[in-house]
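# Coordinates in review
Read off the chains here:
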Amino acid sequence: MRTVLFGASKAGQYFIEQNPSANIVAVADNDTGRHGTQLLDVPVIPPARLSELNFDALIITSQWVDAIRHQLVNELNIDPALIHIPPKQQVKAAHPFMHPPTLKLAHTLMHQLHSFLETYGIVACLDSGTLLGAVRDQQLIPWDDDIDLALDPVNFNRLLLVSDQLYRYLPSQSGLHWQLVKIEVNGRACCINIEFTCEVAGDWISFDLSLQLREVSGGYSELISSTGLFFAPAEHFAQLEQKEFLGKIFWIPSKANDFLTFMYGNWQTPQKDFRITEYHSRRADLPLDKAQPVITKQEIARPC
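Summary of the structure given here. (Residues numbered from 1 in each chain as written. Predicted model: local features only at pLDDT ≥ 70, side-chain atom pairs only at ≥ 80, totals over all residues. Heavy atoms only, no water.)

### Focus: the packing of aromatic side chains
Enumeration over the complete set of coordinates arrives at nine aromatic pairs. Between W178 and F196, the aromatic rings sit 5.4 Å apart at their centres with planes inclined by 65°, giving edge-to-face as the arrangement. With W178 in strand β9 (residues 176–185) and F196 in strand β10 (residues 188–198), this pair connects stretches of sequence that are 18 residues apart. Three or more aromatic residues joined by ring pairs make a cluster, and in this case those are F97, W178, F196 and F207. (Phe/Tyr/Trp six-rings, centres within 6.5 Å; stacked < 30°, edge-to-face > 60°. Helix = DSSP H or I, 4+ residues; strand = E, 2+ residues; numbered from the N terminus.)

In structure tokens form, the structure reads like this:
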């Protein structure tokens, strides 16, 4: 099958890596800055060029699936039968928390982050899949590939002021190289990502830890990085509760069970092949312009 992806970010990269036998002929993306580049040797093209291609399947590798599907069907006249949404596992890294050395590294990182947050008086709470794992499984979900924490605007601004000091708290191991990356969406800082590379393939499997901005708007708490895609009732973040997790006390949203129900529906039953369209909190009517944010990344310099 001749396959096209829509979405040239990390999700597209992970899909290509996890499907090495797939005949992927192009990756479409709305970001004009990516046009003419390559994603793992696959050309990145403007969506308008899809009409020039002959393909059997178009797989959306982006979180903004609804707006993109509307664009494909209603603006680009793509046959809806060709459009597919992959399970989240196909657009994630290869199970880092099933790899014992990487899981141990993740636990150490969480302990060190806890110390950093306490030292600088910054309040961050477990969020999304990390919260789900803490409440349901008392562990990081084995088939997850990242760690999510959320901060309100006051605490996120505190984090920005001392973010370079976080380098001093990252686990030090030979062959492991850490990066702190500030992510801006439409010109607004909304996430600090902790990332790493390793000198020897297989020593550790890549994962990110994200410290994301949540802001209240219209009675809802929204993840700013999703430009309104993911939201939850603001009451869950107006007051936080505490929970022991990985041997430390972390903040979590109030009425965490209700929050998880709002996000995932039947969250008590593990779903390894969960799709992004199955999020209960997802705004399916998000306009296309919200699905075309300008995302910039800047590495945070190490302190002198």
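### Let's talk about empty space enclosed by the protein
Under the criterion given, the structure shown has one cavity of 30 Å³ or more. Looking at the largest cavity, its volume works out to about 30 Å³. As for the largest cavity, its lining consists of F97, G129, T130, G133, Q139, L140, I141, D144 and D146. In terms of residues, the lining of the largest cavity owes the most to one element, helix α4 (residues 128–137), which gives three residues. Looking at the lining of the largest cavity residue by residue, the classes come out as three nonpolar, four polar and two charged. (1 Å grid on protein atoms, 1.4 Å probe; cavity = no way out; pocket = protein on both sides within 12 Å on 5 of 7 lines; lining within 4 Å. Points joined across faces, edges and corners; volume = space filled by probe spheres on them. Nonpolar A, V, L, I, M, F, W, Y, C, P; charged D, E, K, R; others polar.)

### A word on the sheet that holds strand β4 (residues 42–45)
On the basis of which strands lie adjacent, the open sheet formed by six strands has the order β3-β4-β2-β1-β5-β6 and mixed pairing. Two strands bound the open sheet, and with one partner strand each, they are β3 (38–39) and β6 (83–84). (Pairing = 2+ DSSP bridges.)

### Topic: α4
In terms of burial, α4 is largely enclosed, as nine of its ten residues are buried. Those residues of α4 that sit buried are S128, G129, T130, L131, L132, G133, A134, V135 and R136. If you follow the buried residues of α4, they end up packed against β7 (125–126), β8 (146–151), β12 (220–223), β14 (240–245), β15 (248–253) and α7 (256–264). Among the residues trailing α4, Q138 stands out with phi positive, at a value near 55°. (Buried < 20%, exposed > 50% of the residue type's maximum accessible area, 1.4 Å probe, protein only. Contact = heavy atoms within 4.5 Å.)

### So, the environment of R275
For R275, the location among the structural elements is in the loop between α7 and β16 (295–299). Accessibility expressed as a relative area gives 31% for R275, which makes it partly exposed. Sequence separation between R275 and L209 is 66 residues; the distance between their C-alpha atoms is 21 Å. Apart from residues lying up to four places away in sequence, R275 is in contact with I85, P86, P87 and K88.

### Quick look at helix α2 (residues 65–75)
Among the residues of α2, those classed as buried are V65, D66, A67, I68, Q71 and L72. In the core, the buried residues of α2 are packed alongside β1 (2–6), β5 (57–60) and β6.

### Points about the packing of α4 against α7
Where α4 meets α7, the axes come as close as 11 Å, and the angle between the chain directions of the two elements is 130°. With respect to each other, α4 and α7 are oriented oblique. Between α4 and α7 lies a crossing whose hand is left-handed. On α7, the residues that touch S128, G129, L131, L132 and V135 of α4 are A256, N257, F259, L260, M263 and Y264. The class makeup of the residues in the contact of α4 with α7 is eight nonpolar, three polar and no charged. (Axes fitted to C-alpha atoms, helices over the stretch in contact; angles between N-to-C directions. Parallel < 35°, antiparallel > 145°, perpendicular 65-115°, else oblique. Left-handed = near helix turned anticlockwise from the far one by under 90°.)

### Let's talk about the pairing of β14
Direction of pairing for β14 relative to β15: antiparallel, over a ladder of six bridges. Counted as the bridge partner of Q242 is W251 from β15. Linkage of β14 to β15, two consecutive antiparallel strands, is achieved through a turn of two residues, within which L246 is found at a positive phi near 55°.

### A word on the environment of W143
Structurally, the position occupied by W143 is in the loop between α4 and β8. Distance in space between the C-alpha atoms of W143 and P96 is 7.6 Å, their sequence separation being 47 residues.

### Remarks on the pattern of salt bridges
Inspection of every chain in the model, using the stated rule, returns eleven salt bridges. The salt bridge involving E184 is made with K182; its shortest N-O contact spans 3.8 Å. In this structure K182 comes out as partly exposed when scored by relative accessible area, which is 23%. The partner of E235 in a salt bridge is K255, and the shortest N-O contact between them spans 3.5 Å. (Salt bridge = Lys/Arg side-chain N within 4 Å of Asp/Glu carboxyl O.)

### Things to note about the side chain of D146
One can find D146 in strand β8. Accessibility expressed as a relative area gives 18% for D146, which makes it buried. Residues contacting D146, with those up to four places away along its chain left out, are K92, F97, T130 and D208.

### Quick notes on the nonpolar core
In terms of nonpolar packing, the biggest core is built from 85 residues, with L50 and L211 touching the most fellow members. With seven residues, the top contributor of residues to this core is helix α3 (residues 100–119). If we skip the residues at most four places from it in the chain, L211 touches L113, A124, L149, L151, F156, L159, L166, C190, C191 and I192. Counting residues in hydrophobic clusters, the runner-up holds twelve residues, among them A11, I24, V27 and V44. (Core = buried A, V, L, I, M, F, W, Y, C linked by side-chain atoms within 4.5 Å.)

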